[in-house]
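Each chain is listed here by its residues.
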Amino acid sequence: QVQLVESGGGLVQAGGSLRLSCAASGRTFSNYAMAWFRQAPGKEREFVAATSRNRVNTYYAGSVKGRFTISRDNAKNTVYLQMNTLKPEDTALYYCAARFAVGEIAFTSVAEFSLWGQGTQVTVSS
């Protein structure tokens, strides 16, 4: 079982940047497809970005494409989310998620993940 711990959230002004990290412990990290999701108050959890085991395939939500970049360092058991040009609507609790995968498959829906971190808060002020 993989345990996930997010960090790097905080308060930032609109137009600023943050880099989220998700450290994984447990089984072989490189066997897992990873993703970031977010949930704003009163809203459902939504997909942000996903990467396959060796970052061959990456996907982004339309609302963050061109501003956010997902990456991973399998040697460090860590996945990152670089967030640039942040907007107030990016304010949410950000979660990383993991799913065992065969091959270079990335997953983008909440229902496809069973392993979740506790979340890190990102607040963007206008």
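Above this note sits the structure.
To start, this report covers the structure provided alongside it. None of the values given here were measured: they were computed from a predicted structure. (Residues numbered from 1 in each chain as written. Predicted model: local features only at pLDDT ≥ 70, side-chain atom pairs only at ≥ 80, totals over all residues. Heavy atoms only, no water.)

Moving on, we get to the overall build of the protein chain. Tallying secondary structure elements over the protein chain gives zero helices and eleven strands in all. Helices and strands appear in the protein chain in the N-to-C order β-β-β-β-β-β-β-β-β-β-β. At 13 Å, the protein chain has a C-alpha radius of gyration in line with the 14 Å of a compact globule built from 126 residues. The principal-axis extent of the C-alpha atoms belonging to the protein chain is close to 40 × 25 × 25 Å. Once local pairs closer than 6 in sequence are excluded, the contacts in the protein chain between residues at least 24 apart make up 61%. (Helix = DSSP H or I, 4+ residues; strand = E, 2+ residues; numbered from the N terminus. Rg over C-alpha atoms; globule rule 2.2 N^0.38 Å. Contact = heavy atoms within 4.5 Å.)

Pairing is antiparallel across the open sheet formed by four strands, whose spatial order is β1-β3-β8-β7. Taken across any chain shown, the strands that pair with only one partner, and hence form the sheet edges, are β1 (3-7) and β7 (68-73). Neighbouring strand axes in the sheet, compared pairwise and without regard to direction, differ in orientation by 15° on average. Examined bridge by bridge, β1 and strand β3 (residues 18-25) share five bridges and lie antiparallel to one another. Bridge pairing links V5 to A23 in β3. (Pairing = 2+ DSSP bridges. Axes fitted to C-alpha atoms, helices over the stretch in contact; angles between N-to-C directions.)

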